[in-house]
Amino acid sequence: MGQSILLGISGGIAAYKSVDLVRRLREHGHIVRVVMTQAAQSFVTPLTFQAISGHPVGCNLLDAASEAAMDHISLARFAERVIIAPASANIMARLAHGMANDLLTSVCLATTAPITLVPAMNHRMWHNPITQANIARLQQFGFTLWGPTEGAQACGEYGLGRMLEPEEIVRCLESTAPIMTSPLAGKNIIITAGPTREPLDAIRFISNRSSGKMGYALAVAAQHYGAHVTLISGPVALPQPNHVRLVKVETALEMQQAVIQHLPQGDIFIGAAAVADFRPETSSTHKYAKDELSTTLALTLNPDIIETVTQFLPRPFTIGFAAQTHDVKLHAIRKLTEKNMDVIIANQVGLAEGGFDSDVNTVDIYSRDGQTHFPCQPKTTLAYQLIKWIGDYYGAQKI
Ligand code: C5P
């Protein structure tokens, strides 16, 4: 669930990456207000952060105009969480000694929110015993540290001191986010995601267009609502979500086997995978030469995994997806009934925006109690809304 995040930017070349960090935090539903040190403004302009965060940027402690807009105490109150990225050796030294000689340090002294430092500096500055002593002192006061990592540095040297990448920072934040109370807390949720691949030979396969982004985002959101999540995924190019049990499969038959194996523990099943409806009748572990292949391909029907689930006893609460190019509502309601699901989440694909491979989606949920519309938004924020809705609906059914 979105938090009010105060993002502090201190002086370092990694500040340019924090522009992307703000964008990603907002995509995850967070409200971000940026405070910059004077040195940070030499690397990126406050206007950039204003445009990307959608809020004025705090730069000065003793400036009447900015204190009138949002003073350091209001900023300290606004923050449910403070993240300083990049955190330079200088800001850490100042914080370690309780200085309040600019807006960022003053806010840090005034806030009761947890403060996380994401350091970025030359590896020699990082290893300097003075920096290390400051860090130890800050940790004693409850500051947490994400990173740094080892790698090539902007100065041309190599070592420990690189700032975590924006997506890694977001992942750290997600894994420590408070777990929301929900009827899903403690429930076992099985989610299928991504496409399946149906091999013809060692090289060739048939598959469906699917990035897996929606299923993975649902897994993360369900975990944050306190569920135990098993994510059964076809081949995708996505990082493994934290605190989620990931089972990797290739084919529809493998996906079905993995689902059956986990079903006895499953309270809720979400079928977000784009399962291939057919597989080649025969396949080979060696590569066919072109002249061994024919221009027609004999296919066999794959099992319907959702139907396997809804026939299982005890039957889990079952949610499916319907990606349609036309007559979305008609197809969705037909599938809801035919496949005996509790809920179906439908979206139109083939439009300029949304659906397959896209980062955004527009969906409607159908159940026997009606229809709920969710407007176009990033799949990551949509996932939280869908999981919240599913939790509430599931909770109401159980009463
Ligand atoms: O492909 P179709 O539109 O029928 O998919 C609707 C739902 O059924 C989706 O949730 C999908 O994951 C699931 N499905 C399945 N096994 C199949 C085909 C689809 O579980 N073989």
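What you are looking at is a predicted structure, and each value in this text was computed from that prediction instead of being measured.

Caption draft 1: Looking closely at the site of the ligand. Gly 271, Ala 273, Val 275, Asp 277, Pro 303, Asp 304, Ile 305, Ile 306, Gly 320, Phe 321, Lys 335 and Lys 339 make up every residue found near the ligand. Between a nitrogen atom of the ligand and a main-chain N or O atom of Pro 303, the distance comes to 3.0 Å. Elements with a contribution of two residues or more to the shell around the ligand: helix H12 (305-310) and strand S16 (317-324). Here the shell around the ligand is composed, by residue class, of 6 nonpolar, 2 polar and 4 charged.

Caption draft 2: Local environment of the sheet that holds strand S3 (residues 81-87). Spatially, the 5 strands line up as an open sheet ordered S2-S1-S3-S4-S5, and their pairing is parallel. Two strands bound the open sheet, and with one partner strand each, they are strand S2 (31-36) and strand S5 (144-145). Where S3 lies against strand S4 (residues 115-119), 4 bridges are found, and the strand directions are parallel. Within the sheet, the bridge partner assigned to Val 82 lies in S4 and is Ile 115. Against the sheet, helix H6 (residues 103-110) engages strand S1 (4-9), S2, S3 and S4, with an angle of about 140 degrees to S1.

Caption draft 3: Expanded view of the nonpolar core. Judged by nonpolar contacts, the single largest core of 37 residues is most densely connected at Leu 218, Ile 270, Leu 386 and Ile 387. Of all the secondary-structure elements, those providing two or more residues to this core are strand S8 (188-193), helix H10 (213-224), strand S11 (228-233), strand S13 (268-271), S16, strand S17 (343-348), strand S18 (360-367) and helix H14 (379-398). When neighbours within four sequence positions are excluded, Ile 270 is seen to be in contact with Ile 189, Ile 190, Ile 191, Thr 192, Leu 218, Ile 319, Phe 321, Ile 387 and Ile 390.

Caption draft 4: Seen up close, the domain arrangement of the chain. Split into domains, the chain comes out as domain 1 (4-176) and domain 2 (188-281 + 293-398). Just the C-alpha atoms count here: the centres of domain 1 and domain 2 sit 38 Å apart. Contacts between the two partners involve 7 residues from domain 1 and, on the opposite side, 8 residues from domain 2. In total, domain 1 and domain 2 occlude about 670 Å² of area from one another, counting both sides; carbon and sulfur atoms represent 57% of this. On the domain 1 side of the contact with domain 2, Glu 27, Arg 171 and Glu 174 bury the most area, a combined 64% of that side's loss. Run the count over domain 1 and domain 2 and you get 0 salt bridges. Elements with a contribution of two residues or more to the side of domain 1 that touches domain 2: helix H1 (15-27) and helix H9 (166-176). Of all the elements, H9 adds the most residues to the side of domain 1 that touches domain 2, at 3 residues. A breakdown of the residues in the side of domain 1 that touches domain 2 according to their chemical character gives no nonpolar, 3 polar and 4 charged.

Caption draft 5: View of unusual backbone geometry. The omega angle of the peptide bond from Gly 147 to Pro 148 is 0 degrees, so this bond is cis rather than trans. The topology assignment puts Pro 148 in the loop between S5 and strand S6 (149-152). A cis amide bond links Leu 313 to the next residue, Pro 314, at an omega of -5 degrees. For Pro 314, the position within the fold is in the loop between H12 and S16.

The rules behind the values
Residues numbered from 1 in each chain as written. Predicted model: local features only at pLDDT ≥ 70, side-chain atom pairs only at ≥ 80, totals over all residues. Heavy atoms only, no water. Near = heavy atom within 4 Å. Polar contact = N/O pair within 3.5 Å; in protein donor to acceptor, adjacent residues only side chain to side chain. Helix = DSSP H or I, 4+ residues; strand = E, 2+ residues; numbered from the N terminus. Nonpolar A, V, L, I, M, F, W, Y, C, P; charged D, E, K, R; others polar. Pairing = 2+ DSSP bridges. Contact = heavy atoms within 4.5 Å. Axes fitted to C-alpha atoms, helices over the stretch in contact; angles between N-to-C directions. Core = buried A, V, L, I, M, F, W, Y, C linked by side-chain atoms within 4.5 Å. Buried < 20%, exposed > 50% of the residue type's maximum accessible area, 1.4 Å probe, protein only. Domains from an automatic or database assignment. Buried area = accessible area lost by both parts, 1.4 Å probe. Salt bridge = Lys/Arg side-chain N within 4 Å of Asp/Glu carboxyl O.

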